[in-house]
Amino acid sequence: DQQVKQNSPSLSVQEGRISILNCDYTNSMFDYFLWYKKYPAEGPTFLISISSIKDKNEDGRFTVFLNKSAKHLSLHIVPSQPGDSAVYFCAACLNFGNEKLTFGTGTRLTIIP
Amino acid sequence: DSGVTQTPKHLITATGQRVTLRCSPRSGDLSVYWYQQSLDQGLQFLIQYYNGEERAKGNILERFSAQQFPDLHSELNLSSLELGDSALYFCASSVGLLGLTGELFFGEGSRLTVL
């Protein structure tokens, strides 16, 4: 049972445009959400997170939006840069401090120069 | 460089064999997590240790076991290996139970190929 779903395995975006990566979840008890970025031959690295008490969190070019009623979150990257080409994983946990992160299957983002 | 070290980076072995994957967490981190990533799959949580004690368990097979030693490094033991165990195994660490901002710090992974 995939509780965190990233339905787009891949996405291509022109450099300078906005990249939007989507993530859906089924467990309404999830309370904290994170995005990780992974380059080839490297481990995932933390990008940005959001608590369920918020609907938006921004960090530079990266913004995460949370729609609890739709059980949907999205990551916006603007403007997109070639270095953003990577696999992006959405993850969720039951509450901040809970140990177990449930990851989605990832979306491979390719930024076209 | 996340500060998490995993060895070996690559491992090729045969079905039925046993392997041990090793992880050294970031200096000061007490929690160690093991995740498995099979082809085209997300990261599946296997097990977590906190300061030497098992803290949480995911879908870890009975053929797999792990431990965290007093120096906080951890080992994941995989036995009676099957073809389906071929995957990337990631170790991650955090300061406390899930870090100050909720993030985990991942190693580069150990790629296991079972032939």
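Heads up: the structure comes first, above all this text.
Residues numbered from 1 in each chain as written. Chains lettered and ligands numbered in written order. Predicted model: local features only at pLDDT ≥ 70, side-chain atom pairs only at ≥ 80, totals over all residues. Heavy atoms only, no water.

Colleague: Quick question: what am I supposed to make of the sheet that holds strand E1 (residues 4-5) of chain A here?
Modeller: By way of backbone hydrogen bonds, the strands of a sheet pair with one another, either parallel or antiparallel. All names here are of chain A. Sheet architecture is open: five strands sit in the order E1-E3-E8-E7-E6, paired in antiparallel fashion. For this open sheet the edge positions go to E1 and strand E6 (56-59), each flanked by a neighbour on one side alone. Bridge count for E1 against strand E3 (residues 19-25) is two bridges, and the pairing is antiparallel. Directly across from Lys-5, in E3, lies its bridge partner Asp-24. (Pairing = 2+ DSSP bridges. Helix = DSSP H or I, 4+ residues; strand = E, 2+ residues; numbered from the N terminus.)

Colleague: Can you walk me through the packing of aromatic side chains in this structure?
Modeller: Two aromatic rings are characterised by how far apart their centres lie and by the angle between their planes. According to the stated counting rule, one finds 13 aromatic pairs over all chains in the structure shown. An aromatic cluster of at least three residues, connected via ring pairs, comprises A:Tyr36, A:Phe46, A:Phe89, A:Phe103, B:Tyr35, B:Phe45, B:Phe90 and B:Phe106. B:Arg26 extends its terminal NZ or CZ atom over the ring of B:Phe105, reaching a point 3.6 Å from the ring centre. (Phe/Tyr/Trp six-rings, centres within 6.5 Å; stacked < 30°, edge-to-face > 60°. Lys NZ or Arg CZ within 6 Å of the ring centre and 35° of its normal.)

Colleague: How do you make sense of the pattern of salt bridges when you look at a structure like this?
Modeller: A side chain of one charge can pair with a side chain of the opposite charge when the charged atoms of the two come close. Overall, the coordinates contain six salt bridges over all chains when judged by the stated rule. Two residues, A:Glu58 and A:Lys56, come together in a salt bridge whose shortest N-O distance is 4.0 Å. According to the relative accessible area criterion, A:Lys56 is partly exposed, its value standing at 42%. In this structure, B:Glu82 engages B:Arg63 in a salt bridge whose closest nitrogen and oxygen atoms are separated by 3.7 Å. Residue B:Glu82 is located in the loop between strand E8 (74-78) and strand E9 (87-94), and its partner B:Arg63 is located in the loop between strand E6 (53-57) and strand E7 (64-68); the two are separated by 19 residues in the primary sequence. B:Glu82 gets classed as partly exposed once you look at its relative accessible area, which sits at 43%. (Salt bridge = Lys/Arg side-chain N within 4 Å of Asp/Glu carboxyl O. Buried < 20%, exposed > 50% of the residue type's maximum accessible area, 1.4 Å probe, protein only.)

Colleague: I'm lost on the environment of A:Ala70 in this one. Help?
Modeller: All names here are of chain A. With respect to the secondary-structure elements, Ala-70 resides in the loop between strand E7 (62-67) and strand E8 (72-77). The exposure class of Ala-70 is partly exposed, given its relative accessible area of 43%. Remark: the alpha-carbon pair of Ala-70 and Asn-57, spanning 13 residues in sequence, is separated by 17 Å.

Shape descriptors only; they carry no functional weight alone.
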